[in-house]
Amino acid sequence: MTEGVSRTALNVAAHRARETERAGALFIDPFARQLASREGFATAAEIARLSGLSWQDSTPTMFALRTRYFDDAVLDAVRQDDVRQVIILGAGMDTRAYRIDWPEGTQLYEVDRRETFDHKRPILDSRGARPRCALHDVCADLRDDWEGLLLAAGFAPGAATVWLVEGLLYYLPEPDVHRLLDQLAALCPSGSWLLLDVAHPMMRDLPALQGWRDALIALGEPFRSFTDDGCALLDAHGWVADARSIAQVARDLGCEVEAVGSLAVPRLLCGRRR
Ligand SMILES: C[S@@+](CC[C@H](N)C(=O)[O-])C[C@H]1O[C@@H](n2cnc3c(N)ncnc32)[C@H](O)[C@@H]1O
């Protein structure tokens, strides 16, 4: 049952499934294929068709590289500072609760719309998946009072936190982005971490990307906010950040990815609360 579930969330799962099955995979997500379901693969194929792209079996896609980057970044953050509170906003088909080696005592909160969890948990349960941390579902719309629901689920505002905001920010209009970043900063102490990705204005403007934009419009999930300086954006909201491009991540992992277009601009951010 995928009614009401974000098609782009299913698309990401389809890419994770493809990566999991690729020789030399950057990560293994044993649940991705079922979570993606037929709709996820159909969506991925349609986006590729309208974008004029084809999937190469020999190389990881942008989604695979992004997933691996955040896998590593989130584990580095919790281990480096003994953080035991992790929040994944717009969690979609994220299965890190089940596949990452979390430190003992980790409390992980996933925030997304109810339909997401209605799709996801029964599939994971039917596969016998067991979270490797204390896992809390927070069914909320990030434009409403999601903070109240997060607090009601047990979130401790005074505790050091890792926020993971992967594949979400640019689906929100700009005023909502600024509000969200302020909310995150207000909810956690200095030293907390914010991991997220942003969309560069070239993704809005490049004529060559019109087919890809049309695909997202057809899905009802167009990108709505952009920045050419993610570090400055985070700085304005209380975070000191480093940024990396997908091409840099690929190079670090020994993968061959052409450093062109949006792959070459720094879009992956790792921030710390001032
Ligand atoms: C592209 S998916 C990415 C999912 C996940 N972070 C990942 O990387 O696999 C975006 C997710 O954000 C969620 N989302 C978008 N806008 C939202 C909102 N206003 N409130 C709650 N969730 C939202 C969607 O339901 C979807 O699951």
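Rules behind the numbers
- Residues numbered from 1 in each chain as written.
- Predicted model: local features only at pLDDT ≥ 70, side-chain atom pairs only at ≥ 80, totals over all residues.
- Heavy atoms only, no water.
- Phe/Tyr/Trp six-rings, centres within 6.5 Å; stacked < 30°, edge-to-face > 60°.
- Buried < 20%, exposed > 50% of the residue type's maximum accessible area, 1.4 Å probe, protein only.
- Helix = DSSP H or I, 4+ residues; strand = E, 2+ residues; numbered from the N terminus.
- Lys NZ or Arg CZ within 6 Å of the ring centre and 35° of its normal.
- Contact = heavy atoms within 4.5 Å.

Novice: Please set out the packing of aromatic side chains residue by residue, giving values where relevant.
Specialist: Counted by the stated rule, this structure contains nine aromatic pairs. Ring geometry for tyrosine 170 against tyrosine 171: centres 5.4 Å apart, planes inclined by 50°, an arrangement best described as tilted. Each member of the pair tyrosine 170 and tyrosine 171 is classed as buried. Taken together, a centroid distance of 4.9 Å and an interplanar angle of 90° make the contact between tryptophan 212 and phenylalanine 223 edge-to-face. Here tryptophan 212, found in helix H9 (residues 210–219), pairs with phenylalanine 223, found in the loop between H9 and helix H10 (230–235); they are eleven residues apart in sequence, far enough to count as distant. Across the pair, exposure class does not vary: tryptophan 212 and phenylalanine 223 are buried alike. Ring pairing ties together the aromatic residues Tyr109, Trp146, Phe155 and Trp163, which thus form one cluster. Geometry around phenylalanine 226 places arginine 204 over its ring, the cationic atom sitting 5.3 Å from the centre.

Novice: Which residues make up the environment of valine 265, and what values go with them?
Specialist: Note on placement: valine 265 falls in the loop between helix H11 (246–252) and strand E7 (268–273). Sequence spacing of valine 265 and histidine 200 is 65 residues, and the spatial spacing of their C-alpha atoms is 7.5 Å. Those residues in contact with valine 265, other than ones at most four positions away along the chain, are His200, Met202, Arg244, Ser245 and Ile246.

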